[in-house]
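Breakdown of the fold
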Amino acid sequence: MDLLFKFSAILLSTGVWFYLLRRKDHFSPEPLLFLAKIMVLGGILSAIPAGLLNIAIEYFHSNSVINNLLIGFNEELCKLLAVTVLLKNQTYFDEPVDGIIYAATLALGFASVENIVYINRYGLNALLPRHFISVPAHLSFAMIWGYGLSVAKFKHPQRSFALNLAPYFLSAALLHALFNFTIGSHPNQTDLVMVIILVTLLYRYGSYQANTLLKYSPLRLAQECSACNAINTDNSAICHQCDRPLNLD
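Notes on the structure in this doc start here.

Calculation criteria
- Residues numbered from 1 in each chain as written.
- Predicted model: local features only at pLDDT ≥ 70, side-chain atom pairs only at ≥ 80, totals over all residues.
- Heavy atoms only, no water.
- Helix = DSSP H or I, 4+ residues; strand = E, 2+ residues; numbered from the N terminus.
- Buried < 20%, exposed > 50% of the residue type's maximum accessible area, 1.4 Å probe, protein only.
- Contact = heavy atoms within 4.5 Å.
- Areas by Shrake-Rupley, 256 points an atom, 1.4 Å probe, with all protein chains shown as cover.
- Salt bridge = Lys/Arg side-chain N within 4 Å of Asp/Glu carboxyl O.
- Core = buried A, V, L, I, M, F, W, Y, C linked by side-chain atoms within 4.5 Å.
- Axes fitted to C-alpha atoms, helices over the stretch in contact; angles between N-to-C directions.
- Left-handed = near helix turned anticlockwise from the far one by under 90°.
- Nonpolar A, V, L, I, M, F, W, Y, C, P; charged D, E, K, R; others polar.
- Parallel < 35°, antiparallel > 145°, perpendicular 65-115°, else oblique.
- Expected span 1.5 Å × (residues − 1).
- Bend = angle between axes of the 7 residues up to and from the residue.

The helix and strand inventory of the protein stands at seven helices and zero strands. The secondary structure elements of the protein, listed N-terminal to C-terminal, are α-α-α-α-α-α-α. By residue count, 47% of the 249 residues in the protein fall in the buried class. In the protein, of all internal contacts separated by at least 6 residues, the share reaching a separation of at least 24 is 70%. By element, 66% of the accessible surface of the protein is carried by carbon and sulfur atoms, the whole surface being about 13300 Å².

Let us now look at the environment of Ile 144. Along the chain, Ile 144 turns up in helix 5 (residues 127–155). The exposure class assigned to Ile 144 is buried, which follows from its relative accessible area of 11%. Along the sequence, Ile 144 and Ala 103 sit 41 residues apart, while their C-alpha atoms lie 8.8 Å from each other.

The final tally for this structure, using the stated rule, is two salt bridges. A salt bridge links Lys 79 to Glu 76; its shortest N-O distance comes to 2.9 Å. One end of the pair, Lys 79, and the other, Glu 76, are both in helix 3 (residues 64–87), three residues apart, so they sit about a helical turn from each other. Take Lys 79 and Glu 76: they sit in the same class, and that class is buried. One salt bridge connects Arg 130 with Glu 114, and the closest N-O pair in it is separated by 2.9 Å. Residue Arg 130 is found in helix 5, and its partner Glu 114 is found in helix 4 (residues 98–122); the two are separated by 16 residues along the sequence. Just as Arg 130 is buried, Glu 114 falls in that class too.

With that settled, consider the nonpolar core. Where a protein is soluble and globular, its nonpolar side chains tend to be buried together. In terms of nonpolar packing, the biggest core is built from 48 residues, with Val 83, Tyr 102, Leu 108, Leu 139, Trp 145 and Phe 179 touching the most fellow members. Every element with two or more residues in this core is listed here: helix 1 (2–22), helix 2 (32–60), helix 3, helix 4, helix 5, helix 6 (161–185) and helix 7 (190–214). Here the element with the most residues in this core is helix 5; it accounts for 12 residues. Each residue touching Val 83, except ones within four places of it in the same chain, is listed here: Tyr 102, Ala 103, Leu 106, Trp 145 and Leu 149.

Further remarks concern the packing of helix 1 against helix 5. Relative orientation of the contacting elements helix 1 and helix 5 amounts to 40°, with a least axis distance of 11 Å. Two packed elements cross with a definite hand, and for helix 1 against helix 5 that hand is right-handed. Across the interface between the two elements, Ala 9, Ile 10, Ser 13, Val 16, Trp 17 and Leu 21 from helix 1 touch Leu 127, His 131, Val 135, Pro 136, Leu 139 and Met 143 from helix 5. Taken together, the residues of the contact of helix 1 with helix 5 sort by class into 10 nonpolar, two polar and no charged.

The next point concerns the packing of helix 3 against helix 4. Contact geometry for helix 3 and helix 4: axes closest at 10 Å, N-to-C directions at 125°. The pairing of helix 3 with helix 4 is recorded here as oblique in orientation. Between helix 3 and helix 4 lies a crossing whose hand is right-handed. Two secondary-structure elements touch here, helix 3 through Glu 75, Lys 79, Ala 82, Val 83, Leu 86 and Leu 87 and helix 4 through Tyr 102, Ala 103, Leu 106, Ala 107, Phe 110 and Glu 114. Looking at side-chain class alone, the contact of helix 3 with helix 4 contains nine nonpolar, no polar and three charged residues.

It is worth spelling out the side chain of Gln 209 at this point. Tracing the backbone through its elements, the reader meets Gln 209 in helix 7. Setting aside its immediate chain neighbours within four residues, Gln 209 contacts Ile 100 and Tyr 147.

So, about helix 5. Its 29 residues give helix 5 an end-to-end C-alpha distance of 39 Å, which sits within 8% of 42 Å, the value for a rise of 1.5 Å per residue. Ile 133 marks where helix 5 bends most, by close to 30°; the proline Pro 136 follows one to four residues later. Within helix 5, 23 of the 29 residues are buried, which leaves the element mostly enclosed by the surrounding structure.

With that settled, consider the environment of Gly 15. You can see Gly 15 is positioned in helix 1. Owing to a relative accessible area of 34%, Gly 15 belongs among the partly exposed residues under this scheme. In sequence terms Gly 15 and Leu 108 are 93 residues apart; their C-alpha atoms lie 9.7 Å from each other.

All we've got here are geometric facts, nothing functional implied.
And the structure:
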């Protein structure tokens with residue numbers, strides 16, 4: 001019964017964040033089974049090697065700053081490699097926002113695997129702070145380099161894939177390191193407030209980037225509002241449902 005309760009709690013947490021992610025994919029939502037594959041298989045393929053490498057990092061280095069830098073780099077690289085492998089030759093990646101959707105979905109799988117480990121180690125009480133802090137943090141970091149995936153595929157496909165992704169990946173890895181360092185310093189003091197503010201800002205930024213990419217979707221109708229999906233008449237300048245301007249291109 002205890003195991004079933006823990007599994008249900010993790011499933012509920014994952015389901016809430018998956019629902020919020022799915023809402024960002026307005027024009028052509030990705031197939032649920034494929035997203036489930038990205039989440040489950042990608043989460044396992046990224047979280048297990050990342051966890052083993054983290055153990056090695058902590059064993060060979062005692063300096064917290066170096067550890068946090070290496071762990072941030074390691075975890076984001078494992079996520080990026082896993083999603084790159086799973087998306088290879090996939091036709092579902094057909095609009096810019098998909099880069100963020102796939103990256104964040106895999107990050108959710110990564111965070112869910114971590115949740116299993118933390119709950120088994122520290123009990124069910126560990127899920128609540130992870131649900132509101134650690135899980136959206138993983139999503140936010142992945143959204144940054146997920147935007148880079150879209151830039152590499154749709155904006156600069158002629159350029160090197162690695163060079164396209166480098167600034168976005170490095171930004172995510174450094175922010176991940178900052179998150180780890182801050183939450184690990186004094187988790188019961190004001191640093192916890194700073195972490196919550198950081199995660200909130202990063203998640204809102206990722207959501208803003210997703211909305212920006214929706215404007216460039218080839219599947220968007222000319223008078224389809226990118227904010228609420230409402231269809232407007234040809235001569236409309238303002239969405240009749242949410243009052244947002246339609247001339248966003």
